[in-house]
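# Observations on chain architecture
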Amino acid sequence: MNKILLFSLVFIQFLMNAQSSERNLSSEKWQFKNAKETKWMSATVPGTVHLDLMKNRVIPDPYKDENEKKVQWIENEDWDYQTKFIISSKELQNHNIDLVFLGLDTFSEIYLNGKLLKKTDNMFRKWTIPVKQYVKTGENFLQIKFKSSVNVGKQLAEKISFTVPESPRSFVRKAQYQFGWDWGPRLVTAGIWKEVKLKCWNQAKLENIKIEQKKLTSTRADLNIYQEIFVDEEGKYKVSVNGKSQEFTLKKGLNTLSVPYQIDNPKLWQPNGWGEQNLYDVKISLQKNSKIIDEKSQRIGLRTVELIQEKDAKGKSFYFKVNGKPMYAKGTNWIPGDSFSPRMAKEKYLKLIKDCKDANMNMIRVWGGGIYEDDEFYKACDENGILVWQDFMFAGSFYPADENFQKNVELEVKDQVERLQNHPSLALWCGNNEVDEAIVNWGYQKQFKYSKEDSLQVWKDYNKIFHEVIPNAIKKYAVNGKDIYWASSPSIGWGHKESLTEGDSHYWGVWWGEQPFEIYNEKVPRFASEYGFQGMPTLETTKTMFSGKPDLSLQNGTIKAHEKHSRGWEIIGNYMKRDFKIPTDFVKYNYVSQLLQARGMQMAIEAHRRAKPYNMGTLYWQLNDCWPVVSWSSIDCLGNWKALHYQVKRSFENQVILMSEEKIEQDEILNFYIINDNLEKFEDLYLDFSIMKFNGEKKGSGGLADSSTIEQNGILKFSFSLEEIIGDSNKDEIFLDITVRDKNEKIFAKSNYFFAKPKDLKLTKPIIKVKKISPTEIEISTDVLAKDVYLMGDTHFSDNFFDLLPGTSKRIKLSKPMEKIEVMSLWDTMNP
C-alpha cells in the first residue's frame, strides 16, 4: 500500500477516535523580568508581578508596616513572562490546537515561537487563539509582554479633550480597586492572573452551554438546553443530555442548537432561610461516529426570580420575588478578598459564603470596583442559598464610549454572561457602582471646569455604555429569566428625596455626612444596597500589619497607614464620643470601635426591617477585606468575625422582635415589631417583657394578654406608653427582657432593649466566670448584667460581643481548643 495513503488512513482513524484534550500550561516553569532588565526570575502562574517579586525577595510584603509606599514603582514598569512547553507528535496530529488564556492583566502582547499572536486589553476577558500553524513538535516558546496599565491609561486619557476623574483607571478594563480605595491599598498589578490552557480538538467542540427554564410547576420543569458548537468537519453529530441523545446535521463554523429537557416533580432551589438549595447536574456530550469528542457539565437550580417595581402612594416598590413569593433581602456587599486575586483559595471563598449563610443572609452584591469573581464564589452561593446581585466592573468615575471601548465592553459582558448565567444564585445584572451618582452628585464637572459640551459628552458616553451596550449584550447572550438588568447602583444618589421612595439606595448620611446613627430611623429607602460604618479589625489581624513585634498604638505609623480614609480616625472618634466612653488603652479602643460599628449597623438594619414591606432589602457595606485594614467590613482579611458580624447574625434572624421609640404629640411611645420572614404562618403568639435592673432585680412586667397570629412573610406592630412601662425608673438603670412565644411555650423570638446610650448606662462590675465543658466548649456565667461580653483568643467563638443577663449562663463553642480565654465587658471600658 502507498505509504502516503497508509498515513492518511491512520490520521483519519486518529481523528475519528480522538476526544478533545486539554493541558494546563500554568504548571510549566514560568519566568518573568522587568522589560528593561536582562535577569529572569522564577514566576508562578496564575499570579501577579507583585507576588512574583515578593517570592524572589525583590520587594517586601506591601501589606506589612508602611511597605505599600515602597512598591509604587512597579505600576510604571513593563513586565515580560515566558515559558517553554513540549508538543508531542501525537498532539500535533490534532486538527486544531488552541491557546486559551482565562485572564491576562491587562495590556499584553502574546508571542509563540517568536510570532506575535494577539494583543490584549481587558483583564476580564477570555482569549482563545488558534495556534496549530505556529506550534511544532518538541519545544515551544511562549512569551507574554505586559505594558504598564498606568502608562497606557494615561496615553488613552490624553485623547479626551477634558479631564476624567480618577484618571487613568477608567480608561483601562481592569479591577478598579487596584488603583486604591478608601479601604484598600494602591497596588496596580500586571501578570497572568488566571490559568493558561492548551486545548487540542478535532471535528467539533462545545463552545458554550446556556440553560433556559421555559416553564416551572410543581409537577414538571421544562428546559431548553442551548449549545453553541464550533464545527470543523461538517456532518452528522449526536448531542446527549444526561444520556438522552438527539442527532443533528451540523455545518462548518458556529452552530446553535436547542434541545428540550424535562425534569419531573422538580425540587426548587430556595434562598437561605426558605428551604433547601436543591441542585441538578446536567451533562452534555457531543458525539461523532459513536465516539464522545467533547463534553461539558453544568449544575443548575430550578427557581424563579423577578424584580418588582410598582407605583404606589409613596413612590415605587423595589423588591425581589423568588419562586413567586416576595423575599426580604438580607445581606451585604462583597469586595475582592485579596489585593492579589490569584491568592484567593477555594477554601476562603467557601468560608466567607458559609459565614454569610450562618449570619442568616440570602443576598450578596458583588461590587463594581472589583472583579467578576472566581467560579468557586458562585458555586458556594449556589450551595448556600445566597442570591447574587452582580455589578459589572465600573465604579465611581466617568467612562469613555469610543468604538473600541464599546466593542471591548460588549465582549467582556459576553464572556461573563456566558460564564455565570447558569448559576441559580445569579439574580440581577447591574451596570455599575455609583457612576450615575458620580456624574450627578460629586461635582467633578465644576472641579475640572467642564464646558457644556464636555458635560453633555459625559452623559452621552454614560448612556451609550450603560443604557445601550451592556443591556443589548445581555439580551443577546443571556437566556430568558437570567436577563434582569438595573443600570446603576444606586439609581438615585443620597440627598435626593427620591432616593428613599424608589429604586435602590446608597445612604451615606452616616459616615460621609457625619449624621448621628439615629438618622437611620428617618432615612429608610425602598431597598438599601449600601450603607456602613468603619470598625477596627480584630487584634489578631491588627498584629499582622507588622513585620516585627507589633507596636499597638493609635499613633504608630503602621496602624495609621492601615486606615485608608483620609479622615477615618477623626470620624470614628467623633461618633465614639457620642455613644461610648473613649478608652485610652489600645485593646479597649479596638473593642469599643467594633462595638460602635455594630451598634450603628444594628440601628440601620432594624430601621429597615421595621419598615417592611415599604423597605424590602438591606445590604450593608461591606462583608470582607482585601488586606489588614480599618474598614467597613464585618469580617477582617484573616476571616475573623468582628463584633458587627455577630450582630448581623442576630439582626438578620428570620424571626425577630424589634423596638423603636417615638413621640406622638406629648406622649412617648415604645413600639414592638414582631417580624416573620419565613414562609410559615404562626398562630397563638404571646408577647411579654420584664423590666429589669442591671443587678437582676425585676422592676415590673408587661405584654399582651391576647394571642396574635403572624402571616408568612408578615409583620405585626404593638405600641405601649413608655411612661407606663418604665414608671419612676431611670432609663440608664434598666432594660427590657422581651420574649415572643407560642401557647406551648416555644420561643418565637427573644430580645433585650436598653433605653440609654452605652456611655450612660450605670453598670455594675460583673463577675464573669468561664467554665470548660470540653476542649472546644465553654460556659460563661455572670452575677449581674455583663454588657457586650468580649471573648478574646485565636479561635472562632460561636457567639461573641453578646449581653449576658443577670444570673444566667451561656454555652459557647470554639473552632479550636484554647487553654486560656480572656474576657472583657463594657464595664471594663468605663472603669479603667
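Our subject in this report is the structure included herewith. All values reported here derive from a predicted model rather than from experimental measurement. (Residues numbered from 1 in each chain as written. Predicted model: local features only at pLDDT ≥ 70, side-chain atom pairs only at ≥ 80, totals over all residues. Heavy atoms only, no water.)

## A short note on the nonpolar core
In terms of nonpolar packing, the biggest core is built from 174 residues, with Leu-99, Phe-101, Leu-142, Trp-334, Ile-364, Phe-377 and Ile-470 touching the most fellow members. When residues in this core are grouped by element, the largest group, 11 residues, is from helix α14 (residues 586-610). Look past the residues within four positions of Phe-101 in its chain and what remains in contact with it is Ile-110, Arg-125, Lys-126, Trp-127, Ile-129, Leu-142, Ile-144, Glu-195 and Val-196. Grouped together as the second largest cluster of nonpolar side chains are 25 residues, Met-659, Phe-682, Leu-685 and Phe-720 included. (Core = buried A, V, L, I, M, F, W, Y, C linked by side-chain atoms within 4.5 Å. Buried < 20%, exposed > 50% of the residue type's maximum accessible area, 1.4 Å probe, protein only. Helix = DSSP H or I, 4+ residues; strand = E, 2+ residues; numbered from the N terminus. Contact = heavy atoms within 4.5 Å.)

## Digging into the sheet that holds strand β33 (residues 655-664)
Neighbouring strands of a sheet are bound in pairs by backbone hydrogen bonds; such pairs are parallel or else antiparallel. Read across the open sheet, the three strands follow the order β33-β34-β38; overall the sheet is antiparallel. In this open sheet, the two strands that pair with only one neighbour each are β33 and β38 (715-721). Averaged over all pairs of adjacent strands, the angle between their axes in this sheet comes to 20 degrees, without regard to strand direction. Bridge count between β33 and strand β34 (residues 667-676): 10 bridges; the pairing is antiparallel. Considered in β34, the bridge of Lys-663 is made with Glu-668. Against the sheet, α14 contacts β33, β34 and β38, and its axis sits at roughly 90 degrees relative to β33. (Pairing = 2+ DSSP bridges. Axes fitted to C-alpha atoms, helices over the stretch in contact; angles between N-to-C directions.)

## Brief notes about the sheet that holds strand β41 (residues 768-774)
Reading across from one edge, β41-β42-β45 is the order of the three strands in this open sheet, with antiparallel pairing throughout. Each edge of the sheet is formed by a strand with only one pairing partner; in this case those strands are β41 and β45 (809-813). Going across the sheet, the axis of each strand differs from the next one's by a mean of 25 degrees, ignoring polarity. Bridging between β41 and strand β42 (residues 777-782) involves six bridges; their strand directions are antiparallel. The residue bridging Ile-768 from the neighbouring strand is Thr-782, located in β42.

## Examining helix α4 (residues 149-157)
All of the buried residues in α4 are Ser-149, Val-150, Val-152, Gly-153 and Ala-157. Projection of α4 onto a plane perpendicular to its axis shows the buried side chains occupying an angular sector of 165 degrees, all on one side. (Arc of directions from axis to C-beta.)

## A few points about the pairing of β34
Taking burial as the measure, the 10 residues of β34 include eight buried ones, the bulk of the element. Counted along the chain from β33 to the antiparallel partner β34, the turn is two residues long, and its residue Glu-665 has a positive phi close to 55 degrees. Where β34 and β38 come together, seven bridges link them in antiparallel fashion. Residue pairing for β38: Asn-671 is matched across the bridge by Ser-719.

## A word on the packing of helix α5 (residues 346-358) against helix α6 (residues 375-384)
Axis separation between α5 and α6 bottoms out at 9 Å; the angle between their running directions is 35 degrees. Classified by chirality, the crossing of α6 by α5 is right-handed. Between α5 and α6, the contacting residues are Lys-346, Tyr-349, Leu-350, Ile-353, Lys-354 and Lys-357 on the first element and Glu-376, Phe-377, Ala-380, Cys-381 and Asn-384 on the second. (Left-handed = near helix turned anticlockwise from the far one by under 90°.)

## Points about the packing of helix α13 (residues 568-579) against α14
When two helices pack together, their arrangement is captured by the angle between the axes and the distance separating the axes. Two numbers describe how α13 lies on α14: the axes approach to 10 Å, and their chain directions differ by 80 degrees. Looking at the two axes, α13 sits roughly perpendicular to α14. Across the interface between the two elements, Trp-569, Ile-572, Gly-573, Tyr-575, Met-576 and Asp-579 of α13 pack against Tyr-589, Val-592, Ser-593, Leu-596 and Arg-599 of α14. Partitioned by chemical class, the residues of the contact of α13 with α14 number seven nonpolar, two polar and two charged. (Parallel < 35°, antiparallel > 145°, perpendicular 65-115°, else oblique. Nonpolar A, V, L, I, M, F, W, Y, C, P; charged D, E, K, R; others polar.)

## Details of the state of the cysteines
Per the counting criterion, the structure on display carries zero disulfides. Lacking any disulfide linkage, Cys-637 is separated from the closest cysteine sulfur, that of Cys-626, by 8.3 Å. (Disulfide = S-S within 2.5 Å.)

## Section: the pairing of strand β7 (residues 115-121)
Pairing analysis gives six bridges linking strand β6 (residues 107-112) to β7, with the strands arranged antiparallel. The residue of β7 that forms the bridge with Ile-110 is Lys-118. Taking the residues between adjacent antiparallel strands as the criterion, β6 and β7 are bridged by two residues, where Asn-113 takes a positive phi near 50 degrees.

## Quick look at the pattern of salt bridges
The tally for this structure, following the rule as stated, stands at 58 salt bridges. The closest approach of N and O atoms between Lys-205 and Asp-98, which form a salt bridge, is 2.8 Å. One end of the pair, Lys-205, is in strand β13 (residues 204-216); the other, Asp-98, is in strand β5 (residues 96-101), and 107 residues separate them in sequence. Given a relative accessible area of 4%, Asp-98 falls into the buried group. What you see here is one network of salt bridges that share partners, running through Lys-330, Arg-609, Lys-612 and Asp-677. (Salt bridge = Lys/Arg side-chain N within 4 Å of Asp/Glu carboxyl O.)

## Focus on unusual backbone geometry
Excluding glycine, most residues fall at negative phi; most peptide bonds, likewise, are trans. Cis peptide bonds are those with omega within 30 degrees of zero, and the linkage from Ser-489 to Pro-490 qualifies with 0 degrees. In this structure, Pro-490 sits in the loop between β29 (485-486) and β30 (505-506). In this structure, the amide linkage connecting Trp-621 to the following residue, Gln-622, adopts the cis form with an omega of 10 degrees. For Gln-622, the location among the structural elements is in the loop between β32 (617-620) and α15 (643-651). At Glu-665, a position not held by glycine, the phi torsion is positive, near 55 degrees. As for its placement among the helices and strands, Glu-665 is situated in the loop between β33 and β34. Take Glu-665: its relative accessible area is 71%, and that puts it in the exposed class.

## Section: α14
With 25 residues, α14 should cover 36 Å at 1.5 Å per step; its first-to-last C-alpha distance of 36 Å lies within 8% of that length. The buried fraction of α14 is high, at 23 of 25 residues. For α14, the capping residue at the N-terminal end is Asp-585, with a side-chain oxygen 3.1 Å from the backbone nitrogen of Val-587. (Expected span 1.5 Å × (residues − 1). Polar contact = N/O pair within 3.5 Å; in protein donor to acceptor, adjacent residues only side chain to side chain.)

## A look at the environment of Lys-238
Here Lys-238 lies in strand β15 (residues 235-241). Counting along the chain gives 72 residues from Lys-238 to Glu-310, while the straight-line C-alpha distance between them is 47 Å. Not counting the four nearest positions on each side in its chain, Lys-238 is found in contact with Ser-245, Gln-246, Glu-247, Ser-285, Leu-286 and Gln-287.

## So, a negative patch on the surface
A cluster of acidic residues, Glu-665, Asp-667, Glu-668, Glu-723 and Glu-724, forms a negative patch on the protein surface. Those elements that place two or more of their residues in the negative patch are β34 and α16 (722-726). In this fold, Asp-667 is placed in strand β34. (Patch = residues over 30% accessible without salt bridge, like charges linked within 9 Å, V, L, I, M, F, W, Y side chains within 5 Å. Areas by Shrake-Rupley, 256 points an atom, 1.4 Å probe, with all protein chains shown as cover. Lys, Arg positive; Asp, Glu negative; His and termini not counted. Charge placed at Lys NZ, Arg CZ, Asp CG, Glu CD.)

## Observations concerning the side chain of Ser-660
With respect to the secondary-structure elements, Ser-660 resides in strand β33. Note on Ser-660: relative accessible area 11%, which makes it buried. Residues in contact with Ser-660, not counting those within four places in the same chain, are Arg-610, Ile-669, Leu-670, Asn-671 and Tyr-673.

## Structural notes on the packing of aromatic side chains
Throughout the structure, instances matching the rule amount to 58 aromatic pairs. Ring geometry for Phe-124 versus Tyr-372: centroids 5.1 Å apart, planes at 90 degrees, classification edge-to-face. A residue pair is termed long-range when its members are at least 10 positions apart, and Phe-124 in the loop between β7 and β8 (127-130) and Tyr-372 in the loop between β26 (363-366) and α6 qualify at 248 residues. Taking the relative accessible area as the measure of exposure, Phe-124 reaches 3% and is therefore buried. In this arrangement the basic side chain of Lys-810 is found over the ring face of Phe-802, its NZ or CZ atom lying 5.4 Å from the centre. (Phe/Tyr/Trp six-rings, centres within 6.5 Å; stacked < 30°, edge-to-face > 60°. Lys NZ or Arg CZ within 6 Å of the ring centre and 35° of its normal.)

Remember that the coordinates give geometry; whether it matters functionally is a separate question.
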